[in-house]
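# Structural features, examined
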Amino acid sequence: MNIVFEKESQRFFINTKNTTYIIEIVKNEFLAHLYWGKKIENYFGSNKIMFRDRGFSPNIFKEDRTFSLDTLPQEYPQYGNGDFRPCAYHIIDKDNNTFSDLRYISFEILKEKPKLNGLPSSHGEKIETLVLTLLDEILGLEVKLYYSVFYDSDVIVRRTSFKALKDEIILDRMLSANVDFRTDNFDLLSLYGAHNNDRNIDRRPLTSGTYVLESTRGASSMHQSPFIVLIDKEGTENYGDVYAMQFIYSGSFYSAVHVDQYRNVRMQMGLQPFDNNWILAKGETFDTPEVVLAYSNSGLTGLSNQLHHFVRNHIIKEKWKNKARPILINNWEATYFNFTEEKLLALAKEAKEIGIELFVLDDGWFKNRNSDTSSLGDWEVDRNKLPNGIDGLADKIHSMGLKFGIWFEPEMINEDSELYRSHPEYTIQIKNRNLIYGRGQFVLDLSNKEVCNFIIESISKILDSQKIDYVKWDMNRHITNAGSLFLNSKNQRECTHRYMLGLYYIVETLVEKYPDILFESCSSGGGRFDLGLLCYMPQTWASDNTDAICRSKIQYATSLMYPSLVVGSHVSVCPNHQVGRITPLETRFNIALCGNLGYELDLTLLSNEEKSEIKNQIKFYKKVRDIVQFGDYYRLLNPFTTNEYAVNFVSKNKEEIIVVYLKVLSEPAAPFHILKLKGLDENSLYVDTVTNNVYSGAELMYAGLSLENVKQDFYSKKWYFKKFN
Ligand code: DGJ
């Protein structure tokens, strides 16, 4: 039993392999948060909640001036009855009042995780779930808090559901999770970025007030990731308490950390409340998306190990979790829109010769799509470019012994398209207002089922040929004019969440209909790199920026949340198309090998030397692919704080190790550095497969590897160690 209710103390204990989360029912009707952290087998209340009469903290009970919701650490705080800190939910009732007063009613401990319809959700066998029911009888609002235990990953997944029992209620804020800490000894770590600059690490001390990290873009975005971490002020990569929340959702989100008047911290995550509400009709239920709660007492490494385990085993579909990902060639940076069948076949021929396994046809294959100004929505092949159609091209690619993949951007529409001319009402828009352009395109209204079914049909027409092995699902702008001609005026503010529900309906239908197709999600790179889409599509294109030096940072930060198995990572041409940098081919490969390897350059223009170098890279990657994609990942040197980057991968049986090191700029009078590896078996001997030198696991980890001082910018090196018998 991972969930236990102790009647005498009125406490719930939620246990994972290494963590414990404790909730106490206070005064028979309030849910107080007692503890979340390292596992405690025997708990008797040493950190009991202290009560005191505090000025300006209102009291629920006249006779007890020490009891205030304003100072109680709570599970799901509300607004209006004394707690002035940010609430977890907010409602508007039929009389336009916003007061609500939920009291604890009952609990259930389920042997399973109840199904969450219409939203992405974590999965697993025998996942125990605690359900706590709260009720506001006068309002007629029932709220259920769900806590599902992913024992083996040390993760608890939370969500909330609301039910209107009497009258219609407007849900104005409906977060999925809230945790109150009785300390502020934390730094806040989050990931921010921009197009071509996805996921940078931000770490800042907490002082008083509220820190909000959010997206209002209708997508999770690369601007802020739906992922926040509280780390001990003294915490490091390997040391200290670390608490994370991560959202299983791909739309606008909200997360906040609030430091209150007594220096307690409240951490929250859920749907974006701004410009977003839900009308809950009598008898209806609204389910929030899920939030992942992960705690580690061994710094960021421990946290990432847990999250990687969780993503592999409980987010990615079972079918893909152990499937090695093919090495691909993508024609985007090789040709952009300017290609013919002949050109693509020439590229494919070169690709096959150097050992690539999958050919991906990117944007530009459908009618009149010669630039990014037209044709989105018209998913019919352009016979000028591809006279034999997609099927004809796919047949030829297959007959070369390559798999075949194709790009779509199904959620979008161009003004210059047949679809827009015949169905302008399919576009997200506000009546009588001008539409706002993004990459010259508009967004389809996925709150309208007819539009969703149109997308499913158009994409199915191409996929039905059974000749497609892979789909790249792109999305290149955010939502403006958030409104729908299809929804009633009353429901307009539901538009962006309904959009997400529509998107999940579409992708769920398609991935179930085509279970053998490998889907990769993309949003101008990692603009929707989130657990929501990973539930359907088991890998994501990490960034449109393919420069190795930029990528070292992007991938390093991405690794905080995701295993390399889900991170698309390509070698591209120099000068690099995004930043103009010239880096050695070896360095481009060394960085790209830290994810799902691909190539995105015109192979037909390469010299014989370059081709043979790439051939060797691919041979190498095939040898070590399982270590990179299925092994354990360790960050060694942080490119955000040093001039270097290093990571190592360890195979599951600890018998094979890959190490990648990068030195960004050459330095005068540089010190000789030592690189200490992680995760090896200290008692094993490992042989360097290039030099044949043998070292013990202990020395590689504790004494480290001596690094050379090379007079070269963008220098990199990799090592492949094998257990020596
Ligand atoms: C943005 C993607 O991230 C690129 O890789 C490419 O597919 C383009 N869109 C195509 O328009």
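Everything here concerns the structure above.
All of the points below concern the structure found in this document.

### Describing the packing of aromatic side chains
A complete count under the given rule lists 45 aromatic pairs for this structure. When the centroid spacing of 6.0 Å and the interplanar angle of 65 degrees are considered together, the rings of F13 and Y43 count as edge-to-face. One end of the pair, F13, is in strand β2 (residues 11-15); the other, Y43, is in the loop between β4 (30-38) and β5 (89-92), with 30 residues separating them in the sequence. We note that F13, like Y43, is buried. With centroids separated by 5.2 Å and ring planes inclined at 75 degrees, the aromatic side chains of W365 and F366 adopt a geometry described as edge-to-face. Comparing W365 with F366, the two get one shared label, buried. In this structure an aromatic cluster arises from ring pairing among Y21, W36, Y147, F181, F186, Y243 and Y295. Directly above the aromatic system of Y146 lies the positively charged group of R159, at a separation of 3.9 Å from the ring centroid. Lying across the ring of F339, K385 places its NZ or CZ 4.8 Å from the centre.

### A closer look at a positive patch on the surface
Taken together, the side chains of K615, K619, K623 and K722 define a basic patch exposed on the protein surface. The biggest single contributor to the positive patch is helix α12 (residues 608-630), with three residues. For K722, the location among the structural elements is in strand β38 (residues 715-723).

### Re the site of the ligand
Neighbouring the ligand are 13 residues, the closest being D362, D363, K472, D474 and D544. Here a nitrogen atom of the ligand sits 2.7 Å away from a polar atom, N or O, in the side chain of D474. In this structure, G525 approaches the ligand through a main-chain N or O atom, which is 3.1 Å from an oxygen atom. About the coverage of the ligand: the protein hides 98% of its 290 Å² of free accessible area. Across the shell around the ligand, the residue classes break down as four nonpolar, three polar and six charged.

### Here we look at unusual backbone geometry
The peptide bond linking C574 to P575 adopts the cis configuration, its omega dihedral lying at -5 degrees. Within the element layout of this structure, P575 appears in the loop between β29 (567-572) and α11 (585-592). Backbone geometry at N196 places phi at a positive 70 degrees, although glycine is not the residue there. For N196, the location among the structural elements is in the loop between β11 (186-194) and β12 (197-205). Phi is positive for D275, close to 60 degrees, though the residue is something other than glycine. By the element assignment, D275 lies in the loop between β17 (265-271) and β18 (278-280). With relative accessibility at 40%, the residue D275 sits in the partly exposed group.

### Topic: the sheet that holds strand β26 (residues 470-473)
Taking strand neighbours around the barrel as the criterion, the eight strands line up as β21-β22-β23-β26-β27-β28-β29-β30 in a closed arrangement whose pairing is parallel. On average, each strand axis in the sheet is inclined to that of its neighbour by 30 degrees, with strand direction left out of account. Taken together, the two bridges between strand β27 (residues 518-521) and strand β28 (residues 539-541) define a ladder with parallel strand orientation. Of the residues in β28, the one forming a bridge with S521 is T540. Contacts between helix α7 (residues 449-463) and the sheet are confined to β23 (403-408), β26 and β27, with β23 contributing the most and set at about 160 degrees to the helix.

The rules behind each value
Residues numbered from 1 in each chain as written. Predicted model: local features only at pLDDT ≥ 70, side-chain atom pairs only at ≥ 80, totals over all residues. Heavy atoms only, no water. Phe/Tyr/Trp six-rings, centres within 6.5 Å; stacked < 30°, edge-to-face > 60°. Helix = DSSP H or I, 4+ residues; strand = E, 2+ residues; numbered from the N terminus. Buried < 20%, exposed > 50% of the residue type's maximum accessible area, 1.4 Å probe, protein only. Lys NZ or Arg CZ within 6 Å of the ring centre and 35° of its normal. Patch = residues over 30% accessible without salt bridge, like charges linked within 9 Å, V, L, I, M, F, W, Y side chains within 5 Å. Areas by Shrake-Rupley, 256 points an atom, 1.4 Å probe, with all protein chains shown as cover. Salt bridge = Lys/Arg side-chain N within 4 Å of Asp/Glu carboxyl O. Lys, Arg positive; Asp, Glu negative; His and termini not counted. Charge placed at Lys NZ, Arg CZ, Asp CG, Glu CD. Near = heavy atom within 4 Å. Polar contact = N/O pair within 3.5 Å; in protein donor to acceptor, adjacent residues only side chain to side chain. Nonpolar A, V, L, I, M, F, W, Y, C, P; charged D, E, K, R; others polar. Pairing = 2+ DSSP bridges. Axes fitted to C-alpha atoms, helices over the stretch in contact; angles between N-to-C directions. Contact = heavy atoms within 4.5 Å.

On their own, these measurements won't tell you what the molecule is for.
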